[in-house]
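Fold and geometry: a report
Here are the chains, one letter per residue:
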Amino acid sequence: MTETTVDDSQRTPLVVMSGVNKHFGALHVLQDVDLEIARGEVVVLIGPSGSGKSTLCRTINRLETIDSGSITVDGRPLPAEGRELARLRAEVGMVFQSFNLFAHKTVLENVVLAQVKVRKVPRAEAEQTARTLLDRVGVGAQAEKYPAQLSGGQQQRVAIARALAMKPKVMLFDEPTSALDPEMVNEVLEVMRSLAAEGMTMVVVTHEMGFARSAANRVLFMADGRIVEENSPEAFFTAPRSDRAKDFLSKILHH
Ligand SMILES: Nc1ncnc2c1ncn2[C@@H]1O[C@H](COP(=O)(O)OP(=O)(O)O)[C@@H](O)[C@H]1O
Ligand SMILES: [Mg+2]
């Protein structure tokens, strides 16, 4: 392979959504969404409740199918099913508001499991990776405990470690701190900030405007299934252009 080829592949966006439409019955939840996410880019997605933020995230790892348009990850269209789909889900890590850990498995096992099952990593290697990642998110000492024995912030960090164990190309975070007690929000945002600093490509749905300002390369504002506005965090927060964005910001910043 020539150097030019390598450079070209690095220049292509990691995620491309093009003309994406999605309905839930009569509800048009994603309306002609076009979005390109560069490698290493951190995109924060904000907007009112019901605007389609979660649905947009979920289409990227095909937790939701789309009605029309196309989505590619690393140049490849999303696979419809089977082993290819399992691999896509590994490449596109997702962290939800609810931590979704397996309650009857230890923290360590939670991070080991998919590596062994999906990636076919030998168990000893999977455990080593899990311990390294648990250390990195600051919960290494909790490895033998069960999720219910951990705080919400610790559980969410385990969920992040579990996603990272699959060596994802992109990480989607859907309101990862919304279910946490306030004193635990920062420990999760810190882990996300360090991931961003290390070059992870990330899409983050969040109401944490401090995180958006400090970690995002770009802010997208969604309303009624459309990306209404996008800008650098600085420009977006100091000078939103649309009335919808101004109205939304006045509500969340002055409550
Ligand atoms: N599985 C579903 N079935 C029917 N309607 C849904 C489903 N998921 C989401 N919706 C609706 O789609 C719209 C967008 O939802 P969502 O993507 O969750 O918005 P957001 O994350 O911005 O709050 C909302 O009106 C919501 O009620
Ligand atoms: Mg949502």
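Anything mentioned here points back to the structure above.
What this report covers is the structure whose coordinates are included nearby. (Residues numbered from 1 in each chain as written. Chains lettered and ligands numbered in written order. Predicted model: local features only at pLDDT ≥ 70, side-chain atom pairs only at ≥ 80, totals over all residues. Heavy atoms only, no water.)

Re the site of ligand 1
- Neighbouring ligand 1 are Phe24, Leu27, Val29, Pro48, Ser49, Gly50, Ser51, Gly52, Lys53, Ser54 and Thr55.
- Within the backbone of Gly52, an N or O atom sits 3.0 Å from an oxygen atom of ligand 1.
- Considering ligand 1 on its own, with 560 Å² of exposed area, one finds that the protein chains cover 58% of that surface.
- Those elements that place two or more of their residues in the shell around ligand 1 are strand E2 (27-37) and helix H2 (53-60).
- Here the shell around ligand 1 gets three residues from one element, more than from any other, and that element is H2.
- Class assignment of the residues belonging to the shell around ligand 1 gives a composition of four nonpolar, six polar and one charged. (Near = heavy atom within 4 Å. Polar contact = N/O pair within 3.5 Å; in protein donor to acceptor, adjacent residues only side chain to side chain. Areas by Shrake-Rupley, 256 points an atom, 1.4 Å probe, with all protein chains shown as cover. Helix = DSSP H or I, 4+ residues; strand = E, 2+ residues; numbered from the N terminus. Nonpolar A, V, L, I, M, F, W, Y, C, P; charged D, E, K, R; others polar.)

Quick word on the sheet that holds strand E6 (residues 92-95)
- Read from one edge of the open sheet, six strands run E6-E7-E8-E3-E9-E10, paired in mixed fashion. Bordering the open sheet on either side are E6 and strand E10 (226-231), each of which pairs with just one other strand. On average, each strand axis in the sheet is tilted by 20 degrees relative to the strand beside it, whichever way the strands run.
- The strands touched by helix H3 (residues 82-91) are E6 and strand E7 (170-174); relative to E6, the strand with the most contacts, the crossing angle is about 60 degrees. (Pairing = 2+ DSSP bridges. Axes fitted to C-alpha atoms, helices over the stretch in contact; angles between N-to-C directions. Contact = heavy atoms within 4.5 Å.)

Focus on the nonpolar core
- The biggest cluster of nonpolar side chains holds 53 residues, and the ones touching the most others in it are Leu134, Ile160, Met171, Phe173, Met192 and Met202.
- In terms of residue count, helix H7 (residues 182-197) provides more of this core than any other element does, eight residues in total.
- With sequence-adjacent residues up to four places away left out, Met192 is seen in contact with Ile160, Phe173, Pro176, Met202, Val204 and Phe211. (Core = buried A, V, L, I, M, F, W, Y, C linked by side-chain atoms within 4.5 Å. Buried < 20%, exposed > 50% of the residue type's maximum accessible area, 1.4 Å probe, protein only.)

With respect to the packing of helix H4 (residues 107-117) against helix H6 (residues 152-164)
- Relative to each other, H4 and H6 sit at 25 degrees, their axes nearing to 8 Å. On the basis of the axis angle, H4 is roughly parallel to H6. Both H4 and H6 take part in a crossing whose hand is right-handed. Contacts between H4 and H6 pair Val107, Asn110 and Val111 from the former with Val158, Ala161 and Arg162 from the latter.
- A breakdown of the residues in the contact of H4 with H6 according to their chemical character gives four nonpolar, one polar and one charged. (Parallel < 35°, antiparallel > 145°, perpendicular 65-115°, else oblique. Left-handed = near helix turned anticlockwise from the far one by under 90°.)

Here's the deal with the pairing of strand E8 (residues 201-205)
- Of all the five residues making up E8, five are buried; the element is thus mostly covered by neighbouring parts of the structure.
- Bridging between strand E3 (residues 42-46) and E8 involves four bridges; their strand directions are parallel. Residue pairing in the sheet places Val43 in a bridge with Val203 of E8.
- Judged from the five bridges that link them, E7 and E8 form a sheet pairing that is parallel. What sits directly across from Met171, in E8, is Met202.

What to know about unusual backbone geometry
- Despite not being glycine, Asp74 shows a phi value in the positive range, around 55 degrees.
- Relative to the helices and strands, Asp74 resides in the loop between strand E4 (68-73) and strand E5 (76-77).
- Residue class for Asp74 comes out partly exposed when judged on its relative accessible area of 26%.
- Of note, the phi angle at Asp224 is positive, near 50 degrees, even though the residue is not glycine.
- By relative accessible area, which is 48% here, Asp224 ends up partly exposed.

Some points on the layout of surface pockets
- Looking at the largest pocket, its volume works out to about 550 Å³.
- Forming the walls of the largest pocket are 22 residues, and the residues nearest its centre are Arg89, Met94, Ala114, Arg162 and Met166.
- Only H3, E6, H4 and H6 provide two or more residues apiece to the lining of the largest pocket.
- Split by residue class, the lining of the largest pocket holds 15 nonpolar, four polar and three charged. (1 Å grid on protein atoms, 1.4 Å probe; cavity = no way out; pocket = protein on both sides within 12 Å on 5 of 7 lines; lining within 4 Å. Points joined across faces, edges and corners; volume = space filled by probe spheres on them.)

Some remarks on H2
- For H2, the buried fraction is high: six of the eight residues fall into the buried class.
- Of the residues flanking the end of H2, it is Arg62, one or two places downstream, whose phi is positive at about 60 degrees.

Points about the environment of His207
- Looking at where His207 falls in the secondary structure, it is placed in the loop between E8 and helix H8 (209-215).
- For His207, a relative accessible area of 38% puts it in the partly exposed group.
- Leaving out residues up to four positions away in the same chain, His207 has contacts with Gly47, Glu175, Ser178 and Phe248.

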